[in-house]
Structures are given as structure tokens and as C-alpha cells.
Amino acid sequence: MNVTPESITRDGETAIVIQWSDGKVTRWTVAKLRASCPCATCREKKRGEVKSRPVLPVLTAAEAQPLNIVSMRPVGTYAYNIEFSDGHSSGLFQFSMLYGEDD
Ligand SMILES: [Zn+2]
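Per chain, the residues get numbers from 1 upward, laid out in the order the sequence is written. Given that the model is predicted, a residue must reach a pLDDT of at least 70 before its local features are reported, and side-chain atom pairs must reach 80 or more before they are shown or counted; all residues, however, enter totals for whole chains, interfaces and linings. The side-chain quantities take in all heavy atoms of the structure and omit both hydrogens and water.

## Notes on the coordination of the zinc ion
Piece 1. With distances of 2.1 to 2.3 Å, the protein atoms coordinating the zinc ion are Cys 37 (SG), Cys 39 (SG), Cys 42 (SG) and His 88 (NE2).
Piece 2. For the zinc ion, the four donor atoms in the first shell make angles of 103 to 115° at the metal, a pattern classed as tetrahedral.
Piece 3. Listed donors are limited to N, O and S atoms within 2.8 Å of the metal, widened to 3.2 Å for Na, K and Ca; water is not among them, so incomplete-looking sites are possible. Going along the chain, you hit the donors of the zinc ion in the pattern C-x1-C-x2-C-x45-H. Pair noted here: Cys 37 is in the loop between helix 1 (30-35) and helix 2 (40-51) and His 88 is in the loop between strand 5 (79-84) and strand 6 (92-94), with a separation of 51 residues, a long-range link. For the pair Cys 37 and His 88, a shared accessibility class is recorded, and that class is buried. Metal sites are grouped by the angles between bound donors: all angles between 85 and 135 degrees with four donors is tetrahedral, opposite donors over 155 degrees apart with the others between 65 and 115 is square planar for four donors and octahedral for six, and any other pattern is irregular. Starting at the N terminus, helices and strands are each numbered in turn, a helix being any DSSP run of H or I of at least four residues and a strand any DSSP run of E of at least two. Under the scheme applied here, a residue whose accessible area is under 20% of the maximum for its type counts as buried, over 50% as exposed, and between as partly exposed, the area being computed with a 1.4 Å probe on protein chains only.

Rendered as C-alpha cells:
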């Protein structure tokens, strides 16, 4: 895809807004980005949760903290590496995926 981000700004405490070179604007909440993390670990975890869901819902210490973005760095010219405040930073968020979200 030829569309690239022109700017990334915070939208309140828990969301970001990406302005694209074609004029489109996408808004992502940090929680939604974290849940959409495309790295192997998260994809594996998501699959595992379907099988071994706990009987009662749990809130881990990490989940109890307000989730935030620590940094967002471009990788090449096609993706961003996002570091989250829960310590997770192995996800590569491709432009096409960030662009496709319409909230
Ligand atoms: Zn991940």
C-alpha cells in the first residue's frame, strides 16, 4: 500500500489518532491495539485461551494498570513497533492493519 502515516497524536489518555497521507484518519484505543497485537506470542495466547478459559474471570496485576503506549517506532517503511506499558513490545503493526481499522 502506498498510503503512509503523516502524523500520530494522542487522543486523550488511552487512544491515538493516525492521520494518513490520503487524508483518512483512524482512531485506535490502546486496549484495542494491544488486543490486536499480531506477534506470535499473542496469537498463540489467543488460541490457547479458547481451550483453557478460567472458570471465573481474572484480572492480573498487569491488566489492572491503565494500559498505555510507551513508544511507537517505525520499522522500515511498512510497520510500527509498539511498546506497551505492560512491557510487551514484540508486535509489528503493519500500516495496512493500522489503516484498516475504522472505529
Ligand atoms: Zn504480542
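## Considering the nonpolar core
Piece 1. One finds Ile 16, Leu 33, Ile 69, Ile 82, Phe 84, Phe 93 and Leu 98 to be the most contacted residues of the largest nonpolar core, which totals 18 residues.
Piece 2. Contributing elements (two or more residues each) for this core: strand 2 (15-20), helix 1, strand 4 (69-75), strand 5 and helix 4 (95-100).
Piece 3. Aside from chain neighbours lying at most four places away, what touches Phe 93 is Leu 33, Ser 36, Cys 37, Pro 38, Tyr 78, Ala 79, Tyr 80, Ile 82, Phe 84 and Leu 98. Within this scheme, the nonpolar core is defined by two criteria: the residues are buried Ala, Val, Leu, Ile, Met, Phe, Trp, Tyr or Cys, and they are joined through side-chain atoms within 4.5 Å. The contact definition used throughout considers only heavy atoms, calling two residues in contact when any of these lie within 4.5 Å.

## Considering the sheet that holds strand 2
Piece 1. Any two strands between which DSSP finds at least two bridges are classified as paired. Strand order in this open sheet of three strands is 1-2-3, and the pairing throughout is antiparallel. Two strands lie at the open edges of the sheet, namely strand 1 (5-10) and strand 3 (25-29), each paired on one side alone. Sheet twist, expressed as the mean angle between neighbouring strand axes with direction ignored, is 20°. Whenever a helix is involved, its axis is fitted only over the stretch in contact; in every case the axis is a line through C-alpha atoms, and angles between N-to-C directions fall within 0 to 180 degrees.

## Here we look at the sheet that holds strand 6
The strands that make up a sheet pair up through hydrogen bonds in the backbone, lying either parallel or antiparallel.
Piece 1. Pairing is antiparallel in the open sheet, where three strands are placed in the order 4-5-6. What marks the edges here is a single partner per strand, and that holds for strand 4 and strand 6. Across the sheet, the mean angle from the axis of one strand to that of its neighbour is 30°, orientation sign disregarded.
Piece 2. Bridge count for strand 5 against strand 6 is three bridges, and the pairing is antiparallel. Along strand 6, the bridge assignment pairs Tyr 80 with Phe 93.

## A look at the pairing of strand 3
Piece 1. Here strand 3 shows a buried face lined by Thr 26 and Trp 28 and an unburied face lined by Val 25, Arg 27 and Thr 29.
Piece 2. Sheet topology places strand 2 next to strand 3; five bridges connect them, and they run antiparallel. Bridging from a neighbouring strand, Val 17 pairs with Arg 27 of strand 3.
Piece 3. Between strand 2 and strand 3, which pair antiparallel in sequence order, lie four residues; one of them, Gly 23, sits at a positive phi of approximately 100°.

## Observations regarding the pairing of strand 2
Piece 1. The element strand 2 is extensively covered by neighbouring structure, given that five of its six residues are classed as buried.
Piece 2. Where strand 1 folds back on strand 2, the antiparallel hairpin that results is connected by four residues, among which Gly 12 adopts a positive phi of roughly 75°.

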